[in-house]
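Descriptive structure summary
Below, each chain spelled out in residue letters.
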Amino acid sequence: MTVWRAAVYAAPGFGPTSSPAGAHATRLRGHAEEWLGRAVDGRDVPRRTPAGWTRDEVDAITVAARSYGFHGTLKPPFHLTPGRSLDELVRAVDHLAARTPAASVPRLRLGRLGSFFALVPGADDAPLRSVADAVVTELDAFRAPLTDHDRARRNPDALTERQRDLLDYWGYPYVLDEFRFHLTLTDRIPDARQSVVSDVLESWFGDVLGQDIPLDALTVFTQATPDAPFLLHSVHPMEVCALLPPRAPGTSTMEGITR
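Residues numbered from 1 in each chain as written. Predicted model: local features only at pLDDT ≥ 70, side-chain atom pairs only at ≥ 80, totals over all residues. Heavy atoms only, no water.

**What to know about the packing of aromatic side chains**
Where two aromatic rings form a pair, the distance of their centres and the angle of their planes describe that pair. Quick note on the threshold: Whether two aromatic rings pair depends on their centres lying within 6.5 Å, for rings of Phe, Tyr and Trp, where Trp uses its six-membered ring; planes under 30 degrees apart make the pair stacked, over 60 edge-to-face, and the rest tilted. Secondary structure is summarised from DSSP: a helix means a run of H or I of at least four residues, a strand means a run of E of at least two, and numbering begins at the N terminus for each. Accessibility here uses a 1.4 Å probe with only protein chains present; expressed as a share of the type maximum, an area under 20% marks a residue as buried, one over 50% as exposed, and anything in between as partly exposed.
Applying the stated criterion to the full structure yields 8 aromatic pairs. Both rings, one in Tyr9 and one in Phe230, keep their centres 6.3 Å apart while their planes meet at 50°; by these two values the pair is tilted. Remark: Phe230 occurs in the loop between β8 (217–223) and β9 (231–237) and Tyr9 occurs in strand β1 (residues 5–10); sequence separation between them is 221 residues. Phe230 matches Tyr9 in its accessibility class, with the two residues each being buried.

Structure representation (structure tokens):
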């Protein structure tokens, strides 16, 4: 299978945890899919909208967020190194997931990063950061080097010296000590609309805010062309799955999820 780009994400609600926390993740995923109007695995999504809003109004502030799909970035989108295949990446992610302890997004809360809104940890997230660090560093052999064009797109002059170093070494400026886990909900929102959008998101996600959301699987997403939306390709249970029936050797995805 040929892809334009791949990424390794946290995708709440696709993991195997059967617990109250797992139910929170499933509910969160449902709310996010209805908010964005899209499911990353291709399912039809109910066309619900907040009271007083139209679908067009929600769509207008979620164009990029909808294209990327509901996710938390671990290994940002990258082109595969020449000579490396998507199947090889999937196997490597599966092996990494199987020996990486599951974590959680503690006390989920609504946050703002710059001018866009996201769901973020509301308490110490050191275990989550450890997962992200492992994904970034241990899978980097699959990432093709940045081109001059890709580097310029990151506007390096606007980055700190540390962020430029991370960009040049790992292909992205917001990894390792600069990493901030977030589940993106909107595109950039003008200052005059920030309060209105914040209020509607607090209400829309109200029953999952404050909950711990499990990160019990790594997921591979793919993008077929530069303008295509990202799609869920495979789900890889993390070490918590030792409590579940063992998988057959060589299986790398959960049944029904693989594309």
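**Describing the nonpolar core**
The test is simple: What makes a nonpolar core is a set of buried Ala, Val, Leu, Ile, Met, Phe, Trp, Tyr and Cys residues whose side-chain atoms join them at distances within 4.5 Å. Contact definition: two residues touch when any of their heavy atoms are within 4.5 Å.
Of all hydrophobic cores here, the largest spans 53 residues; its most connected members are Leu28, Trp35, Leu108, Leu119, Leu201, Phe205 and Leu218. Counting residues per element, this core draws most heavily on helix α4 (residues 86–98), which supplies 7 residues. In contact with Leu119, not counting residues within four places along its chain, are Leu28, Phe70, Leu108, Arg109, Leu110, Phe181, His182, Leu183, Leu185, Phe205 and Leu209. In terms of nonpolar packing, the next biggest core, distinct from the first, is built from 10 residues, Tyr9, Phe14, Val40 and Phe221 among them.

**Some details on α4**
Because an α-helix completes one turn every 3.6 residues, residues spaced three or four positions apart along the sequence face the same direction. Stated precisely, the cut-off is as follows: Here the expected span of a helix is defined as 1.5 Å times the quantity of residues minus one.
With 13 residues, α4 should cover 18 Å at 1.5 Å per step; its first-to-last C-alpha distance of 18 Å lies within 8% of that length. Those residues of α4 that sit buried are Leu86, Leu89, Val90, Ala92, Val93, Asp94, Leu96 and Ala97. At its buried positions, α4 is contacted by β1, β2 (72–78), α5 (126–138), β8 and β9.

**Section: the confidence of the model for the protein chain**
Fine structural detail should not be taken from predicted coordinates in areas where pLDDT scores are low. Put simply, the rule is: Scored between 0 and 100, pLDDT is the confidence that the predictor attaches to each residue.
With 92% of its residues at a pLDDT of 70 or more, the protein chain has an overall mean of 90. Note on residues 241–259: pLDDT is under 50 here. Beyond four places in sequence and across chains, it has 30 contacts.

**As for the environment of Ala23**
Note that Ala23 resides in helix α1 (residues 20–36). Ala23 sits in the partly exposed class, given a relative accessible area of 37%. Sequence separation of Ala23 and Tyr9 is 14 residues, and the distance between their C-alpha atoms is 20 Å.

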